Each structure stands twice: as C-alpha cells, then as structure tokens.
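# Report on the structure
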Amino acid sequence: EAQVTQNPRYLITVTGKKLTVTCSQNMNHEYMSWYRQDPGLGLRQIYYSMNVEVTDKGDVPEGYKVSRKEKRNFPLILESPSPNQTSLYFCASSPPRTDTQYFGPGTRLTVL
Amino acid sequence: AQKVTQAQTEISVVEKEDVTLDCVYETRDTTYYLFWYKQPPSGELVFLIRRNSFDEQNEISGRYSWNFQKSTSSFNFTITASQVVDSAVYFCALSEPQAGNMLTFGGGTRLMVKP
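Since the structure is predicted, the reported quantities are computational estimates derived from the model, not experimental observations.

What counts, and where the lines are drawn
- Residues numbered from 1 in each chain as written.
- Chains lettered and ligands numbered in written order.
- Predicted model: local features only at pLDDT ≥ 70, side-chain atom pairs only at ≥ 80, totals over all residues.
- Heavy atoms only, no water.
- Helix = DSSP H or I, 4+ residues; strand = E, 2+ residues; numbered from the N terminus.
- Rg over C-alpha atoms; globule rule 2.2 N^0.38 Å.
- Buried < 20%, exposed > 50% of the residue type's maximum accessible area, 1.4 Å probe, protein only.
- Lys, Arg positive; Asp, Glu negative; His and termini not counted.
- Charge placed at Lys NZ, Arg CZ, Asp CG, Glu CD.
- Contact = heavy atoms within 4.5 Å.
- Buried area = accessible area lost by both parts, 1.4 Å probe.
- Salt bridge = Lys/Arg side-chain N within 4 Å of Asp/Glu carboxyl O.
- Polar contact = N/O pair within 3.5 Å; in protein donor to acceptor, adjacent residues only side chain to side chain.

## Comments concerning the overall build of chain B
Scanning chain B from N- to C-terminus turns up 0 helices and 12 strands. Secondary structure elements of chain B, listed N to C terminal, follow the sequence β-β-β-β-β-β-β-β-β-β-β-β. Radius of gyration (C-alpha) of chain B: 14 Å, near the 13 Å computed for a compact globule of 115 residues. The dimensions of chain B, computed from C-alpha atoms along their principal axes, are 45 × 25 × 20 Å. Per-residue burial for chain B yields a buried fraction of 48% across its 115 residues. With 10 positive and 13 negative side-chain charges, chain B shows a spacing of 2 Å between the two charge centroids.

Written out as structure tokens, the structure reads:
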C-alpha cells in the first residue's frame, strides 16, 4: 500500500532531551516536507527536501533539523526540545512533476 | 506573499443540507496551485482536490464540487446532501512553484453535520 508513515505517533518528552521523528514513504517521491499544526496558527511548513541531500527551510525552521540521506526517509530532529514545540507534526511527500502533497498520519508531540 | 483565508471557522448543518465552504487566496504569481484537504476527527489529512491556476473548470466528484474563480480569487467547495461522515475540518491551501511548493494553508473550517 502506497503510504507515508511516521513514528512515533505519540510522544511525551521533557525539555532538552533530543528526539527524532521518523518519516518514510514507499512511493519513490522526490519531494518531502514537514509541517506543524497548532491551534489558531494552522499548518506551517518547517523544512522541505526536493531530493536526496537537498533540504531547505520552510516558514518555521528554528529549533529543528532534518536530513535526507535516502529518498524514502526524511527524519525530523529536535536537538533540544522546548515546550513551544509541543504540536501535531505531519510529514508529507509529493510525486515528481506535480505538487500534490500526501500526508502521513501525524505525530503528536508533547514537551514538558 | 501568499495567503489563504477561510472566513468560516465553524459551520453546522443538518444531514442532507447542502453546504459551501469558502476559500479566498492571495498570490502574486501567475502559476499556482490550489488544494482542499479534509481532516476528520481521527486527525489525518486527506487530499481531496488540486487545481492549477490555468484551469478554471469547475469539478464535480460525487457529492463534492469545486468552484474556482480567478476573477474573485476564490476556490469554494460545496458538499451536496451532506452526511454525518462529512463532519471534519476542511483546509484550503495554496502552493507556488517559486516558493518550493510550500503549502500555505487557510485556518480551516470545522464542519459539523448533525443527524
């Protein structure tokens, strides 16, 4: 089944403890991205990647890192999480020569 | 800068009523894409439709229809004969190739369909 997967789906952590949210797609998509969804602020892009080893900042990149070593994976790294990074995170991917983004199921992160 | 406005934050209808969700966008580019996504209570984001700026044809898919009007920068979404399963938050979004295909989302409209 063609899909975007994210792990974990739910995570509660404490301030400063490094964490990684994984994202994987099995559709051979070149474009991948991360968004966060917050009440009253909607969905905002954090980072995106046009292809392997090509990443760029979105609207709200502060406090996040990403890497794209393989086409199928696009992990989101929080080196030192803070409570303002408590949010619902979505990974998305997009086929080549189109820009329809298909979203993963979401990861609900709580930073205490 | 691109912007998407969904003025209706919440709509409540009774099953079988028709309902239209409004979406107004702003962009300086002549090439852009418009989308609608559905977020049911389970939380995932489900793609519904994509429209490019050069295609103003309206589209119908079952009970769903979309009205794209460049003259008013609007891309409205109508659900005919609504059902309880249509209850969700609906997002309109805009992307521009020049902006790395970043999706700019509207604030969403929460649709509640009551039996």
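More follows now that the structure is in view.
## Regarding the interface of chain A and chain B
Accessible area lost during the coming together of the parts is what is often quoted as the interface size. On the chain B side, the residues contacting the 17 residues of chain A number 16 residues. With both chains or domains summed, chain A and chain B bury close to 1500 Å², and 58% of this area falls on carbon and sulfur atoms. On the chain A side of the contact with chain B, A:L43, A:D99 and A:F103 bury the most area, a combined 37% of that side's loss. At the surface where chain A touches chain B, the tally comes to 0 salt bridges. The tally of links from chain A across to chain B stands at 3 residue pairs in polar contact (both at pLDDT 80 or more).

## Some thoughts on the side chain of B:Q2
Residues and elements named next belong to chain B. The residue Q2 is located in the segment before β1 (3-5) in this model. You can call Q2 buried: its relative accessible area is 14%. Engagement of the side chain of Q2 in a polar contact is seen with the side chain of T104, the distance being 2.4 Å. In contact with Q2, not counting residues within four places along its chain, are E26, L94, E96, A99, M102 and T104.

## Overview of the side chain of A:T107
All names here are of chain A. As for its placement among the helices and strands, T107 is situated in strand β11 (residues 107-111). The buried category is assigned to T107, whose relative accessible area is 0%. Of the polar contacts made by the side chain of T107, one reaches the backbone oxygen of P8; its length is 2.7 Å. Excluding anything up to four places from it in sequence, T107 contacts Q6, P8, R9, V21, S87, L88 and Y89.

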